[in-house]
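One letter stands for each residue in the lines below.
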Amino acid sequence: MTDLTTRPTAIGLGLKPEHVPEILGAPAALDFFEVHAENYLVAGGPNLRHLEAVRSRFALSIHGVGLSIGGPGPLDQDHLTRIADLVRRFEPQWFSEHLAWSSHGGAFFNDLLPIPYDTASLERVCSHLHQAQEQIRRPILLENPSTYVGFAASTLDEGDFLAEVVRRTGCGLLLDVNNAYISGVNHGRDPWALISALPADAIAEIHLAGFAEDRDGAGAPLLIDTHGAAVAEAVWALYRRTISHLGPRPTLIERDQCIPPLEALVAEAARARSIMRDSIVRETA
Amino acid sequence: MSAAAAFFAPFAAGLRAPNRPAPPGLTTWNDSDPGVRFDVYRNNVVVSLVGALADGFPVTQSLVGEDFFLWMAREYILAEPPRSPVLAEYGDSFPAFIAGFEPAAGLAYLPDVARLERLRVRAYHAADAEAVSTALLTSQLQRPEQLPGTRLQLHPSLSLLSSSHAVVSIWAAHQGAAPPRALEVERQESALVLRSGDDVLILPTPPATAAFLSLLKTGATLGDATAAALESAPDFDLTQCLASLIRHGAIVAWQPPGDPAP
């Protein structure tokens, strides 16, 4: 089975059920697929069967959206156990989660909600990561979020916060370049400040996606992380700079709304690959 | 209240209350109104969960229209939010909520249509199980004297719904591209829901057959279940019923009398 750690220019797509027959019929020029863990925590049926078929031909990334790593109180032990079982069954290349919270008081909000970047959050996130990594028996990749508000309580930059989490827990990072761009615009700061503050060696995977543009109360651009459009040119430019800085990293195109034909997504992934190859050529020239 | 609770409780409460001001402590780089930005989160929560419900209840949505569904689903989400991040598990109580949702009271069949759609989602994700082999069935059926004491284990995806409304016809009328034609809704109908391959079948089923299968599911013997079915429908045909179950791969264990339960 493909080990992506030896293939840094690997490219992948989020797996969409409507693309499964095409993917299994004539495997595209892709190295890996990513799925949301929560869509596969079911007893049986087509989802798991399709995932087994895809897994038999491609490397896999399992991406959690419900552990609520940034949330208050203890992690949902039942959910964590199910995630650990899924990871054991499918042996993905990575299991990743978000620097965010999504549950409170037993209710699940189905959104990636922001946390203040302060010492209390740092301790909570690290303790949750320790617990999850112990149970899943591997380092988790933690993803930087898209955020729409800041907090008076924050005392750390997002990049410094993530770097400290990596240092304390040994987790890896999933760098979402689209999220870095969105948060940069939404908070009037340079996204490069975030990316350059992250420990390069910890970044194991990169996400690219599209956003929608709205306006805030003052008429300033407010970018919304929809995963509903092609990757924006500004994000490609930031990705190119990121790859020049980091070297190639396995890169995934995420698309969850307005799903286009598979070939359109494959073309976006191929563009990421060619940017990575350009960087290698430049490096060795 | 701990520092963490002081942050999370107001944020979570704000997500659930559209008319409440944004929680305290939010900042924006350009001093714009943080409420406008907080509304992005409020909107994401409702839109994503309404979308999840719409995916699972497409006929219910089409019966009431998108705007009404959005209103009803939103009220449900606020009253009974998901308890787990696994959204396939969300919505078991939606049909009962619809039954108590006063503005939908004019559509008496709506809760049962929603029940049927929920059974369909549950069947899709139910555990896998191998159907018993034809060879085993053939050998068992050659000993008819054993049939009355035999118990069957049916596929985990199999479930039944009996309604005083024409739920199967209503559901079926919304499956094609053509606009649904008028139909008599005040008619009792029963449905058998069962996964077959990648598809979930919704099969119209005579009430006696539905009652027969419900009894089998609770562990009744073929003899007892058949007697009950014959009482309500003298023309109940056991052979035909078994043939249909076999054809759909719905029998996953066949336990002749004296066999230990699995």
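By convention here, each chain's residues receive numbers from 1 onward along its written sequence. To read the labels, note that chains go from A and ligands from 1, taken in the order they are written. Selection of residues for local features in this predicted model requires a pLDDT of at least 70, selection of side-chain atom pairs for listing and counting requires 80 or more, and totals for whole chains, interfaces and linings are taken over all residues. Side-chain figures throughout are based on the complete set of non-hydrogen atoms in the structure, without hydrogens or water.

Asker: Honestly, the sheet that holds strand β4 (residues 94-98) of chain A in this entry has me stumped. Any pointers?
Answerer: The strands that make up a sheet pair up through hydrogen bonds in the backbone, lying either parallel or antiparallel. Residue and element names in this part refer to chain A. The pairing criterion for strands is at least two bridges between them, as found by DSSP. Secondary structure is summarised from DSSP: a helix means a run of H or I of at least four residues, a strand means a run of E of at least two, and numbering begins at the N terminus for each. Strand order around the closed barrel formed by eight strands is β1-β2-β3-β4-β7-β9-β10-β13, with parallel pairing between neighbours. Taking each pair of neighbouring strands and ignoring which way they run, the sheet shows an average axis angle of 25°. Whether two residues are in contact is decided by their heavy atoms, any of which lying within 4.5 Å being enough. For every element, the axis is a line fit to its C-alpha atoms; helices are fit only across the contacting stretch, and the angle between N-to-C directions ranges from 0 to 180 degrees. Strands in contact with helix α6 (residues 177-186) are β7 (141-143), β9 (172-176) and β10 (203-208); relative to β9, the strand with the most contacts, it is inclined by about 65°.

Asker: Would you take a moment to explain helix α11 (residues 238-247) of chain B for this structure?
Answerer: Helical geometry note: an α-helix holds 3.6 residues per turn, so side chains three or four residues apart project in the same direction. Residues and elements named next belong to chain B. All of the buried residues in α11 are Leu238, Cys241, Leu242 and Leu245. For α11, the buried positions fall inside an angular range of 95° around the axis, keeping them on one side. In α11, those exposed residues whose orientation departs by more than 90 degrees from the buried face are Thr239, Gln240 and Arg247. Considering only its buried residues, α11 is in contact with β2 (151-154), α9 (207-217), α10 (222-232) and β6 (251-255). One side-chain oxygen at the N-terminal end of α11 lies 3.1 Å from the backbone nitrogen of Thr239; it belongs to Asp237. Downstream of α11 by one or two residues, Gly249 has phi in the positive range, about 65°. Relative accessibility thresholds used throughout: buried, under 20% of the residue-type maximum; exposed, over 50%; partly exposed, between the two (1.4 Å probe, protein chains only). Here the arc refers to the set of directions running from the helix axis out to each C-beta atom. By the criterion applied in these results, polar contacts are pairs of N or O atoms within 3.5 Å in which, for protein atoms, one can donate a hydrogen and the other can accept it, and in which residues neighboring in sequence qualify only through two side-chain atoms.

Asker: Can you help me understand the packing of aromatic side chains in this one?
Answerer: Within a pair of aromatic rings, the relevant descriptors are the distance that separates the centres and the angle that separates the planes. Residue and element names in this part refer to chain B. To pair, rings of Phe, Tyr and Trp, with the six-membered ring standing in for Trp, must have centres within 6.5 Å; the planes then decide the type, stacked if under 30 degrees apart, edge-to-face if over 60, and tilted in the middle. Per the counting criterion, the structure on display carries 26 aromatic pairs over all chains. Ring geometry for Phe7 versus Phe8: centroids 4.8 Å apart, planes at 75°, classification edge-to-face. Looking at Phe7, the relative accessible area reads 16%, which means it is buried. For Phe8, a relative accessible area of 1% corresponds to the buried category. Aromatic side chains Phe57 and Phe94 sit 5.0 Å apart centroid to centroid with 75° between the ring planes, which places their arrangement in the edge-to-face category. Of this pair, Phe57 sits in the loop between α2 (34-56) and α3 (58-64) while Phe94 sits in helix α5 (residues 94-99), and the two are 37 residues apart along the sequence. The two residues Phe57 and Phe94 agree in class, both being buried.

Asker: Is there a simple way to think about the pairing of strand β11 (residues 212-215) of chain A in this case?
Answerer: Looking down a regular strand, the side chains alternate between one sheet face and the other. All names here are of chain A. In the sheet, β11 pairs with strand β12 (residues 221-224) via four bridges, with the strands oriented antiparallel. The partner of Asp214 across the bridge, within β12, is Leu222. Where β11 hands over to β12, the hairpin turn is made up of five residues, of which Gly219 adopts a positive phi near 85°.

Asker: How should the interface of chain A and chain B be read in this particular structure?
Answerer: The extent of an interface is frequently quoted as the accessible surface area lost upon association of the parts. On the chain B side, the residues contacting the 49 residues of chain A number 41 residues. By buried area we mean the combined loss of accessible area, with a 1.4 Å probe, across both parts when two parts are placed together. Buried area between chain A and chain B, summed over both chains or domains, comes out near 3,800 Å², and the portion from carbon and sulfur atoms is 62%. Considering only the surface of chain A that becomes buried against chain B, Phe108(A), Phe109(A) and Tyr148(A) emerge as the three largest contributors, covering 15% of it. Run the count over chain A and chain B and you get 23 residue pairs in polar contact (both at pLDDT 80 or more). Looking at the side of chain A that touches chain B, the element that brings in the most residues is strand β6 (residues 107-113) of chain A, giving seven residues. Three categories are distinguished: nonpolar for Ala, Val, Leu, Ile, Met, Phe, Trp, Tyr, Cys and Pro, charged for Asp, Glu, Lys and Arg, and polar for the others, with Gly belonging to the last. Looking at the side of chain A that touches chain B residue by residue, the classes come out as 23 nonpolar, 19 polar and seven charged. Taken together, the two bridges between strand β8 (residues 150-151) of chain A and strand β1 (residues 26-27) of chain B define a ladder with antiparallel strand orientation.

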